Amino acid sequence: SSPITPPKRCPDCRGPVLKEDGQVAYFCDNPSCPAQLRRTLEHFASRPAMDIVGLGDSAIDQLVSKGLVKSVADVYSLDMEKLLGLELFAEKKAENLLKQIEDSKAKGLDHVLNALGIRHVGERTAEVIAESMSIERLLEASAADFQALPDIGPIVAEALHSYFSSEAGRGVARGRAAGDRERAR
């Protein structure tokens, strides 16, 4: 039997495939990769994350393939007209999904952090961070600031710092902060 050679390029986006030291899995690290985006959105909509009922695999496939959702933040710009343009949606189903999306805005910061799919950040880590930092503080925090939190080691701290230093991470955090200010009115 011959050894299996992992791909050097993602079969979906043709971006580079990476493997972290000490890890077995190879993965595409392109945040714009359609396959990565689909998986990210599935996790984002899941019950332990934002719990958006109606945003399942089929809906996500259509939203991504039609270019209506290019990031997690785009979920919050969906409207009736965009949804009715998809095969799966009639008026009642579109209304229900829009209500679920609206309801998800009230989820706590721990749910948001878990939902974002930041590498190495699960439910418990998200809770630890949310207990200690505001969304605004996440944008300013260094890797050392994250590592000073309970149960956060250097790998997780670097993943958090990298995410919230990225354009995508900063956009999500700014959107959440704006939503928090809007709800406080």
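Residues numbered from 1 in each chain as written. Predicted model: local features only at pLDDT ≥ 70, side-chain atom pairs only at ≥ 80, totals over all residues. Heavy atoms only, no water.

Take the nonpolar core next. Within the largest apolar cluster, 48 residues are counted, with the highest numbers of intra-cluster contacts made by I52, L55, L138, F146, L160 and F164. When residues in this core are grouped by element, the largest group, six residues, is from helix α9 (residues 154-165). (Core = buried A, V, L, I, M, F, W, Y, C linked by side-chain atoms within 4.5 Å. Buried < 20%, exposed > 50% of the residue type's maximum accessible area, 1.4 Å probe, protein only. Helix = DSSP H or I, 4+ residues; strand = E, 2+ residues; numbered from the N terminus.)

As a further point, take the layout of surface pockets. Its boundaries defined by the atoms lining it, the largest pocket holds a volume of some 950 Å³. Together, 29 residues line the largest pocket, and D29, P31, G117, R119 and Y163 are the ones closest to its centre. For the lining of the largest pocket, the elements supplying multiple residues, two or more each, are β2 (26-28), α1 (34-45), α9 and α10 (167-184). Sorting elements by how many residues they give to the lining of the largest pocket places α9 first, with six residues. Class assignment for the residues of the lining of the largest pocket results in 13 nonpolar, 10 polar and six charged. (1 Å grid on protein atoms, 1.4 Å probe; cavity = no way out; pocket = protein on both sides within 12 Å on 5 of 7 lines; lining within 4 Å. Points joined across faces, edges and corners; volume = space filled by probe spheres on them. Nonpolar A, V, L, I, M, F, W, Y, C, P; charged D, E, K, R; others polar.)

Turning our eyes to something else, we now look at the confidence of the model for the chain. This prediction gives the chain a mean pLDDT of 90; 95% of its residues lie at or above 70. At the low end of the mean pLDDT range in the chain sits α10, at 70; at the high end sits helix α8 (residues 143-147), at 97. (pLDDT = per-residue confidence, 0-100.)

Let's shift gears to the pattern of salt bridges. For the structure on display, the rule yields seven salt bridges. A salt bridge links E42 to R39, with the nearest nitrogen and oxygen atoms 3.7 Å apart. With E42 and R39 both in helix α1 and three residues apart, this pair spans about one turn of that helix. The exposure class assigned to E42 is partly exposed, which follows from its relative accessible area of 23%. (Salt bridge = Lys/Arg side-chain N within 4 Å of Asp/Glu carboxyl O.)

At a minimum axis separation of 10 Å, α1 and helix α2 (residues 57-65) run at an interaxial angle of 140°. Considering their axes alone, α1 and α2 lie oblique with respect to each other. The crossing of α1 and α2 is right-handed. Residue-level inspection shows P34, L37, R38, L41 and E42 of α1 in contact with α2, the latter providing D57, I60, D61, V64 and S65. Residue composition of the contact of α1 with α2, by class: five nonpolar, one polar and four charged. (Axes fitted to C-alpha atoms, helices over the stretch in contact; angles between N-to-C directions. Parallel < 35°, antiparallel > 145°, perpendicular 65-115°, else oblique. Left-handed = near helix turned anticlockwise from the far one by under 90°. Contact = heavy atoms within 4.5 Å.)

Applying the stated criterion to the full structure yields zero disulfides. Free of any disulfide, C33 has its nearest cysteine sulfur in C13, 3.7 Å distant. Among the residues examined, C33 registers a relative accessible area of 0% and is labelled buried. (Disulfide = S-S within 2.5 Å.)

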